[in-house]
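Chain residues, written in single-letter form:
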Amino acid sequence: MTQHDTSTATKEREVSGTSATEHPAVQASSPGQSHVAHVESTAPGSLRVDDLEAYYGSFRAVSPVSMAIEGRKVTAIIGPSGCGKSTFIRCLNRMHETARGAHIRGHIYLDGEDINGPKVDPVVIRRKIGMVFQKPNPFPTMSIYDNVAAGLKINGIKSKERSMDEIVEQALRQAALWDEVKDKLKQAGTALSGGQQQRLCIARALAVEPEVLLMDEPCSALDPIATLAIEDLIRQLAPQVTIVIVTHNMQQASRVSDRTAFFMMNAQRSGELVEYDTTAKVFTNPADKRTDDYVTGRFG
Amino acid sequence: MTVESGQPGLWRRFTAGARNQVSGSAGDVIFRLVALAFTLIILALAGSLVFTVWDGARPSIGEFGFFGFMSTEEWNPVFGEFGARHIILGTLVSSLIAVILAVPVALGIALFITELAPPSLRGPVAFIIDILAAIPSIVYGLWGMMVLVPFIAGNLNDPLIDYLGWTPFFGRPAFGLSLLAAGIILAIMIVPIISAVAREIIYSVPAAQKEGMLALGATRWEVMWKVVLPYARVGIVGAIILGLARAIGETMAVTMVIGNAGYFVANLLAPSATMASLIANEFREAGTSLHVSALIHVGLVLMIVSLIVNIAARLLVWSVATGPSGDRR
């Protein structure tokens, strides 16, 4: 499947026939998307998205999106249900292509490297760009320790100086879970509460030291207290790892993010980027009327 | 069976649903009664089957003891001496060979169909594998006699003895008709059932589990080994035991290729016999009532073994189908 999809995606890129050098500046691809502020980020872990389209078979789930995601900052993706937020974020670590018939057009660059390049292994990209899912999904057959170490065991430890134990502890500390689980590392990860499970999944993703952490509505299955804990965590993590979070909770986006992208479904039922700017601007003085309507609760 | 006389409460509850309805209640009551009658007939038949086997085995149990029968090897109808040790061993070893050979193949097929095959191949491959289960066992037996046994005699015996002759498992006498032939035939016969059940179990592994591992930078292979198989392990063990149960009870194909020897030796290339093949071979010619009873006694043992294995397998598969197996450690 992966091989097949990869080759399809490669073909698509050849058809579109553009490369990074031909488009030095990020261009808005249609007049309707003129409210995309340009960001040039030099911090590590920055992403640039060029005319990205996502397809399921012949259905275009995401219309051309171009945006630059700042390194070591928090970027929120908001929008009503079905606007392609999740599909978009799943393109960023090449999870999209694991679905049947799914493929993309356009380019995504991580620190200047095309993650869909013909010689790039999606497995390597996913090591650099981790992901946390809507529902906590710890591996039920593994202990808490083994859950965190799962990525390390398959990838190998990057730094020679630190042992597996140290990395696991650090990841659990980063995920603000260490104090709660340090005495029961051998217990099953599924024995934890929902919020703890989600922080365990964050620790699991952090343990492989990714450049970017994608979070697909990480709090949608959690209660308000657990949600606040995850939000605190996101703020703490931002200086160390780039975070892209999809949420349909606008308060959450305003609380945790530096920049916010607003997606909406267009007339062809395809998601498009309406506005992308600093979070303060999007929520207080949006340039687009649709964004204004959405953030003030007039629809969605 | 005792619904009317013994448990009036149950009976009332059984018909209550229909009685409470205002119209069409007569039809509902009749339908319920008919359905109940058919169910009871099956239960009665099963009960009578167990009773018949037990009743028929009684003289043999009285003569040799239930467990004594299982632990002695002498099987001599002329002198009225019967012991089932060699056929129990023959059954277990041939089934074990079958499972050892079939499991890797069946799991490979299941993983190929669920995780690797392009969508257009999945249906056809699964269909062909499933169809293998529908071939009558006597046809497998014919193929075994005409193709497999000569192949073993001509191409496998000598190299196996040359290279593995130092173990007790490969030596002479080696004719082709053998434990190994029975094991291979059984393996082919149980691959479809193991792969079909394993396939369903693997399909039930949540996508979130696989994506969780993929997102850590795992390859498809690592996802299968570290997530899919561990998550599905209990159900897969159930699938394997279902295959084992089929192998233990299989009669016709085994009878045709195992050689039906009156002894058991550890040599896999030597002829042997299984419980089922012995009954199939001797029942018609059984001269004395004790001989008949001893054969029925073998049937009783076989039935008990098969029941235990089947129940264990169903419980394992059922525990996976009804809940996330992995939550229990």
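Residues numbered from 1 in each chain as written. Chains lettered and ligands numbered in written order. Predicted model: local features only at pLDDT ≥ 70, side-chain atom pairs only at ≥ 80, totals over all residues. Heavy atoms only, no water.

Moving on, we get to the overall build of chain A. A count of helices and strands for chain A gives eleven helices and eleven strands. In chain A, which comprises 300 residues, the proportion classed as buried is 58%. In chain A, of all internal contacts separated by at least 6 residues, the share reaching a separation of at least 24 is 70%. When the accessible area of chain A is evaluated, it comes to approximately 12200 Å², of which 51% is carbon and sulfur surface. (Helix = DSSP H or I, 4+ residues; strand = E, 2+ residues; numbered from the N terminus. Buried < 20%, exposed > 50% of the residue type's maximum accessible area, 1.4 Å probe, protein only. Contact = heavy atoms within 4.5 Å. Areas by Shrake-Rupley, 256 points an atom, 1.4 Å probe, with all protein chains shown as cover.)

This next bit is on the pattern of salt bridges. Residue and element names in this part refer to chain A. Under the defined criterion, the tally for this structure stands at 20 salt bridges over all chains. The salt bridge involving Arg-60 is made with Glu-53; its shortest N-O contact spans 2.8 Å. Among the residues examined, Glu-53 registers a relative accessible area of 12% and is labelled buried. Taken together, the shared-partner salt bridges in this structure form one network comprising Glu-272, Asp-288 and Arg-290. (Salt bridge = Lys/Arg side-chain N within 4 Å of Asp/Glu carboxyl O.)

Residue and element names in this part refer to chain B. A contiguous nonpolar patch, built from Ile-138, Val-139, Leu-142, Trp-143, Met-145, Met-146, Val-147 and Met-252 and spanning about 710 Å² of accessible area, is present on the exposed surface. For the nonpolar patch, the element with the highest residue contribution is helix H7 (residues 137-164), accounting for seven residues. When you line up the elements, Met-146 lands in helix H7. (Patch = residues over 30% accessible without salt bridge, like charges linked within 9 Å, V, L, I, M, F, W, Y side chains within 5 Å.)

Opposite the 29 residues of chain A that make contact, chain B presents 24 residues. Carbon and sulfur atoms make up 59% of the area that chain A and chain B hide from each other, which totals about 2300 Å². Seen at the junction of chain A and chain B, the total is one salt bridge. The salt bridge partner of Arg90(A) is Glu211(B), with a shortest N-O separation of 2.6 Å. (Buried area = accessible area lost by both parts, 1.4 Å probe.)

The final tally for this structure, using the stated rule, is nine aromatic pairs over all chains. Three or more aromatic residues joined by ring pairs form one cluster here, namely Phe64(B), Phe69(B), Trp75(B) and Phe82(B). Against the face of Phe139(A) rests Arg204(A), its NZ or CZ located 4.2 Å from the ring centre. For the cation-ring pair, Arg259(A) lies above Tyr276(A), with the distance from its terminal atom to the ring centre recorded as 5.3 Å. (Phe/Tyr/Trp six-rings, centres within 6.5 Å; stacked < 30°, edge-to-face > 60°. Lys NZ or Arg CZ within 6 Å of the ring centre and 35° of its normal.)

Judged by how many residues are buried, strand S5 (residues 102-110) of chain A sits mostly within the fold: eight of nine residues are covered. Hairpin connection between S5(A) and strand S6 (residues 113-114) of chain A: a loop of two residues separates the two successive antiparallel strands, and Asp111(A) in this loop has a positive phi of roughly 50°. (Pairing = 2+ DSSP bridges.)

So, about the packing of helix H9 (residues 207-214) of chain B against helix H10 (residues 220-249) of chain B. Residue and element names in this part refer to chain B. Contact geometry of H9 with H10 gives a least axis separation of 9 Å together with a crossing angle of 155°. For the element pair H9 / H10, the angle class is roughly antiparallel. As H9 runs across H10, the sense of the crossing is right-handed. Contacts between H9 and H10 involve Gln-209, Lys-210, Met-213 and Leu-214 from the first element and Val-223, Lys-226, Val-227, Val-228 and Tyr-231 from the second. (Axes fitted to C-alpha atoms, helices over the stretch in contact; angles between N-to-C directions. Parallel < 35°, antiparallel > 145°, perpendicular 65-115°, else oblique. Left-handed = near helix turned anticlockwise from the far one by under 90°.)

What follows concerns the packing of helix H4 (residues 144-155) of chain A against helix H5 (residues 164-174) of chain A. Relative placement of two packed helices is described by the angle separating their axes and the distance separating the axes. Residues and elements named next belong to chain A. With their axes 10 Å apart at the nearest point, H4 and H5 run at an angle of 115° to one another. In this structure, H4 crosses over H5, and the sense of that crossing is right-handed. Residues Tyr-145, Val-148, Ala-149, Leu-152 and Lys-153 of H4 form the contact with H5, whose participating residues are Met-164, Asp-165, Ile-167, Val-168, Ala-171 and Leu-172. Taken together, the residues that form the contact of H4 with H5 break down as nine nonpolar, no polar and two charged. (Nonpolar A, V, L, I, M, F, W, Y, C, P; charged D, E, K, R; others polar.)

Residues and elements named next belong to chain A. For strand S11 (residues 271-278), the buried fraction is high: seven of the eight residues fall into the buried class. As paired strands, strand S10 (residues 259-265) and S11 are joined by seven bridges and run antiparallel to one another. Opposite Met-264, over in S11, you have Glu-272 as the bridge partner. Counting the residues that bridge the hairpin from S10 to S11 gives five residues, and of these Arg-269 lies at a positive phi of roughly 60°.

Bringing the nonpolar core into the picture now. Judged by nonpolar contacts, the single largest core of 123 residues is most densely connected at Met67(A), Phe88(A), Leu92(A) and Met213(B). The element that contributes the greatest number of residues to this core is helix H8 (residues 179-203) of chain B, accounting for 16 residues. If sequence neighbours within four positions are ignored, Met213(B) has contacts with Phe139(A), Met142(A), Ala150(A), Ile154(A), Ala218(B), Val223(B), Lys226(B) and Val227(B). By size, the runner-up hydrophobic cluster in this structure holds 47 residues, among which are Val74(A), Ala149(A), Ile243(A) and Phe262(A). (Core = buried A, V, L, I, M, F, W, Y, C linked by side-chain atoms within 4.5 Å.)

Turning our eyes to something else, we now look at the domain arrangement of chain B. All names here are of chain B. In terms of domain boundaries, chain B breaks down into domain 1 (3-63) and domain 2 (66-321). Taken residue by residue, the interface counts eleven residues in domain 1 and ten residues in domain 2. In this assembly, domain 1 packs against domain 2 so that about 780 Å² is buried in total across both faces, 77% of it on carbon and sulfur atoms. When the buried surface of domain 1 facing domain 2 is broken down by residue, Val-53, Ser-60 and Ile-61 rank first, second and third, together holding 53% of it. Applying the counting rule to domain 1 against domain 2 returns zero salt bridges. Our count for the domain 1 to domain 2 interface comes out at three residue pairs in polar contact (both at pLDDT 80 or more). When grouped by side-chain class, the residues that make up the side of domain 1 that touches domain 2 number seven nonpolar, two polar and two charged. (Domains from an automatic or database assignment. Polar contact = N/O pair within 3.5 Å; in protein donor to acceptor, adjacent residues only side chain to side chain.)

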